[in-house]
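Close look at the chain arrangement
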Amino acid sequence: MKYSYTTYFAEIYDEVMKNVPYQYWFRYLKDILKYYKCQPNKILELASGTSNMTFNLINLESVNTITALDLSKAMISKAAEKLEYRTLNQKKFEKFNLIKNDDNYQLQNSSRSLKIKFSVQNMIDFSFAEEFDLILSFFDSLNYLTDIDQLQGCFDNAASSLSESGLFIFDMNSIGRIKTIAEKSFMIEGDNYECFWEDIVNEKENLWQVKLKICPDNDQLPCFEEVHSERGYKIKTILRLLKHSGFKAVDVYNAFSFARGKNNSDRLYFVAALDENRLQNNEGQLKKIYYSTKNRIDYFLVSLRYLF
Ligand SMILES: C[S@@+](CC[C@H](N)C(=O)[O-])C[C@H]1O[C@@H](n2cnc3c(N)ncnc32)[C@H](O)[C@@H]1O
């Protein structure tokens, strides 16, 4: 794996991703959790980056501990910096007091006490002393595991860290999307940097690479380059690996709906459980249709926002 998410990119990540509809993703996640009657106390988020989803997870009332794991120390530092800043400056966090203890944070108000822990670890090989009842990963982070053994390692560790009745929910770019990404290059102009972006697709290897060259608006500072690599996997391969790790039930959805995911869906959501009957404990077919329709309309409205 080539080195990526260095300090330079971590610094501009949120600006580059400013159009990513995290809040909408969170609404979809909430519907998945409701559908599967999941009220998690302890959440582990894999490849949490600068914690754009982690901070949404705070809104799940049942949660009392969120552990955010990422390989990049720079991304985790940015996340911790944002948490401290927001607790002091933003309305949403106003109701909480923040107590810091090394890499652990305690958010406290009159009715709730919530721990947020940051952990720099590799998701192919992580371990925790505690178990989680929900493990999550978003924004095609698992596609960064470009070797099948790495993906297996990640699933093995997720299985060992999940409680028996817990859920492992993650999204991935489908193999169909990875193969059909248009090769292009463009420039993103920030307030104090320029970022040259180049998409390269190796259709045969199901591999998408993004080459970034980030140049600060300061002649004294050098430009910095990094490469991001994502591999697409067939659904049946992912299901086989999950099964091998001990996941006995898996539902696969076309993202932002509850329709069955296919290899040519754009983004896929996987819901995996260790207990073979766990996914049958759900709100039923009518609710599934309701959530699916609701999320498709929501998706349409979110897309319109980016057209105009
Ligand atoms: C596209 S970003 C997504 C970040 C975050 N999930 C979000 O939604 O903004 C991919 C993230 O995966 C992390 N990552 C890549 N490979 C990893 C690995 N082997 N273990 C842990 N994190 C990894 C990167 O550091 C980066 O933060």
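Residues numbered from 1 in each chain as written. Predicted model: local features only at pLDDT ≥ 70, side-chain atom pairs only at ≥ 80, totals over all residues. Heavy atoms only, no water.

**Digging into the state of the cysteines**
By the definition in use, this model includes 1 disulfide. Covalently, Cys215 is tied to Cys223 through a disulfide, its sulfur atoms 2.1 Å apart. Because the torsion about its S-S bond is 110°, the bridge between Cys215 and Cys223 counts as right-handed. Cys215 gets classed as buried once you look at its relative accessible area, which sits at 11%. Cys38 carries a free sulfur, and the closest cysteine sulfur to it, the one in Cys154, is 18 Å from it. On the basis of relative accessible area, Cys38 is assigned to the buried category, the value being 11%. (Disulfide = S-S within 2.5 Å. Buried < 20%, exposed > 50% of the residue type's maximum accessible area, 1.4 Å probe, protein only.)

**Details of the pattern of salt bridges**
This structure, assessed with the given rule, holds 14 salt bridges. In this structure, Lys117 and Glu130 form a salt bridge, with 3.2 Å as the shortest nitrogen-oxygen distance. Residue Lys117 is found in strand β5 (residues 113-120), and its partner Glu130 is found in the loop between β5 and β6 (132-137); the two are separated by 13 residues along the sequence. Classification of Glu130 as buried rests on a relative accessible area of 19%. Between Glu205 and Arg231 there is a salt bridge, and its shortest N-O distance comes to 3.9 Å. Of this pair, Glu205 sits in the loop between β9 (193-202) and β10 (207-216) while Arg231 sits in strand β11 (residues 224-231), placing them 26 residues apart in sequence. Judged by its relative accessible area of 41%, Glu205 is partly exposed. A cluster of three or more residues bridged by salt bridges with shared partners is formed by Glu11, Lys78 and Glu81. (Salt bridge = Lys/Arg side-chain N within 4 Å of Asp/Glu carboxyl O. Helix = DSSP H or I, 4+ residues; strand = E, 2+ residues; numbered from the N terminus.)

**Here we look at the sheet that holds β10**
Here 4 strands make up an open sheet; going across it, the order is β8-β9-β10-β11 and the pairing antiparallel. Strands with a single pairing partner mark the edges of an open sheet, and in this sheet they are β8 (185-189) and β11. On average, each strand axis in the sheet is inclined to that of its neighbour by 20°, with strand direction left out of account. In the sheet, β8 pairs with β9 via 5 bridges, with the strands oriented antiparallel. Within β9, the residue paired with Phe186 across the bridge is Trp197. (Pairing = 2+ DSSP bridges. Axes fitted to C-alpha atoms, helices over the stretch in contact; angles between N-to-C directions.)

**Structural notes on the site of the ligand**
Neighbouring the ligand are 19 residues, the closest being Tyr13, Tyr22, Ala47, Asp70 and Asn122. Between the ligand and Tyr13 there is a distance of 2.8 Å, counted from an oxygen atom to a side-chain nitrogen or oxygen. For the ligand, a nitrogen atom lies 2.9 Å from a polar atom in the backbone of Met123. For the shell around the ligand, the per-class residue count stands at 12 nonpolar, 6 polar and 1 charged. (Near = heavy atom within 4 Å. Polar contact = N/O pair within 3.5 Å; in protein donor to acceptor, adjacent residues only side chain to side chain. Nonpolar A, V, L, I, M, F, W, Y, C, P; charged D, E, K, R; others polar.)

**Here we look at the packing of aromatic side chains**
If you walk through the whole model with that rule in mind, you get 29 aromatic pairs. Relative to Phe118, the ring of Tyr105 has its centre 5.8 Å away and its plane inclined at 80°; by these criteria the two rings are edge-to-face. Of this pair, Tyr105 sits in strand β4 (residues 104-108) while Phe118 sits in strand β5, placing them 13 residues apart in sequence. Comparing Tyr105 with Phe118, the two get one shared label, buried. When the ring of Tyr253 is compared with that of Phe258, the centres are 5.2 Å apart and the planes differ by 50°; the resulting orientation is tilted. An aromatic cluster is built from Tyr24, Tyr28, Tyr35, Tyr36, Tyr253, Phe256, Phe258, Tyr269, Tyr290, Tyr291 and Tyr299, whose rings are joined through pairwise contacts. (Phe/Tyr/Trp six-rings, centres within 6.5 Å; stacked < 30°, edge-to-face > 60°.)

**Looking at the pairing of strand β2 (residues 65-70)**
Taking burial as the measure, the 6 residues of β2 include 6 buried ones, the bulk of the element. Every second residue of β2 is oriented toward a common face, with Thr65, Thr67 and Leu69 on one face and Ile66, Ala68 and Asp70 on the other, all of them buried. In this structure, β2 lies alongside β5, joined through 6 bridges in parallel fashion. The residue bridging Leu69 from the neighbouring strand is Ser119, located in β5.

**Considerations on the packing of helix α1 (residues 7-16) against helix α4 (residues 73-89)**
Here α1 crosses α4 at 40°, and the two axes come no closer than 8 Å. Taken together, the axes of α1 and α4 lie oblique to each other. Note that α1 runs across α4; the crossing there is right-handed. Contact residues: α1 offers Thr7, Ala10, Glu11, Tyr13 and Asp14, while α4 offers Ala74, Met75, Lys78 and Lys82. Tallied by class, residues from the contact of α1 with α4 come to 4 nonpolar, 1 polar and 4 charged. (Parallel < 35°, antiparallel > 145°, perpendicular 65-115°, else oblique. Left-handed = near helix turned anticlockwise from the far one by under 90°. Contact = heavy atoms within 4.5 Å.)

**Regarding the nonpolar core**
Membership of the largest hydrophobic core comes to 68 residues, with the highest contact counts inside it found for Phe9, Trp25, Ile58, Phe118, Leu167, Ile169 and Tyr269. With 9 residues, the single largest contributor to this core is helix α2 (residues 22-35). Residue-level mapping places this core at the junction of two domains, with at least three residues from each of domain 1 (7-176 + 230-307) and domain 2 (179-229). One finds Leu46, Leu145, Leu241 and Leu274 within the second-largest nonpolar core, a separate group that totals 30 residues. (Core = buried A, V, L, I, M, F, W, Y, C linked by side-chain atoms within 4.5 Å. Domains from an automatic or database assignment.)

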